[in-house]
Amino acid sequence: MAGVNKVILVGNLGKDPEVRHLENGRAVANFSLATSETYKNREGERVTQTEWHNVVLWTPLAEIAEKYLAKGGQVYIEGKLTSRSYDDKDGITRYRTEVVGREMTLLGSRPSSEEGTQNETSNTGTTTSSEPATSENEIDDLPF
């Protein structure tokens, strides 16, 4: 039986995406994404636990991230979990676990235009994918 490797995250960017353009013309974006869970401990105090995730997006999602994502922005990411190792500048082998995004939906409010004519909305409704959509205006429903 084949395995399943699927990750769904809704969180806030910890920093602006770092986008690199490779020699072959492809773009790759890297950023950290924070997801938080709040609960009450045994003493009845509210505790917030935050997890940080390393996210990687490839063209065309990387170019969209470069244009529309910024530190603090909220985003829905769907993809797969990958692990890799590399040698740092001191020759020490490092290990990194990343979420490679396949789908992205921008969440939160849009910034107002300079003229102030654009109203803020609670959801941008922008869904993008590295695979072609069946309809130009297709928007996937979130699973919650």
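Just above, that's the structure.
A brief structural summary. (Residues numbered from 1 in each chain as written. Predicted model: local features only at pLDDT ≥ 70, side-chain atom pairs only at ≥ 80, totals over all residues. Heavy atoms only, no water.)

### Details of the nonpolar core
Core analysis: the largest hydrophobic core is formed by 18 residues, its most contacted members being Phe31, Leu33, Leu57, Leu69, Val75, Ile77 and Met104. For this core, the element with the highest residue contribution is strand β3 (residues 27-40), accounting for four residues. Apart from the residues lying within four places of it in its own chain, the contact partners of Val75 are Leu9, Val10, Gly11, Leu13, Leu33, Leu69, Met104, Thr105, Leu106 and Leu107. (Core = buried A, V, L, I, M, F, W, Y, C linked by side-chain atoms within 4.5 Å. Buried < 20%, exposed > 50% of the residue type's maximum accessible area, 1.4 Å probe, protein only. Helix = DSSP H or I, 4+ residues; strand = E, 2+ residues; numbered from the N terminus. Contact = heavy atoms within 4.5 Å.)

### A word on helix α1 (residues 61-68)
Restricting attention to buried positions, one finds in α1 the residues Leu61, Ala62 and Ala65. For α1, the buried positions fall inside an angular range of 100 degrees around the axis, keeping them on one side. Opposite the buried face of α1, at more than 90 degrees from it, the exposed residues are Lys67 and Tyr68. (Arc of directions from axis to C-beta.)

### Focus: the environment of Leu81
Here Leu81 shows up in strand β5 (residues 74-87). Expressed as a C-alpha distance, the spacing of Leu81 and Lys6, which sit 75 residues apart in the sequence, is 6.9 Å.

### Side note on the pattern of salt bridges
Throughout the structure, instances matching the rule amount to five salt bridges. Glu78 serves as the salt-bridge partner of Lys6, at 3.2 Å between the closest nitrogen and oxygen. Within this pair, whereas Lys6 is found in the segment before β1 (7-13), its partner Glu78 is found in strand β5, the two being separated by 72 residues in sequence. Between Arg96 and Glu98 there is a salt bridge; the shortest N-O distance is 3.0 Å. What makes Glu98 buried here is its relative accessible area of 5%. A network of salt bridges, in which partner residues are shared, links Arg84, Arg96 and Glu98. (Salt bridge = Lys/Arg side-chain N within 4 Å of Asp/Glu carboxyl O.)

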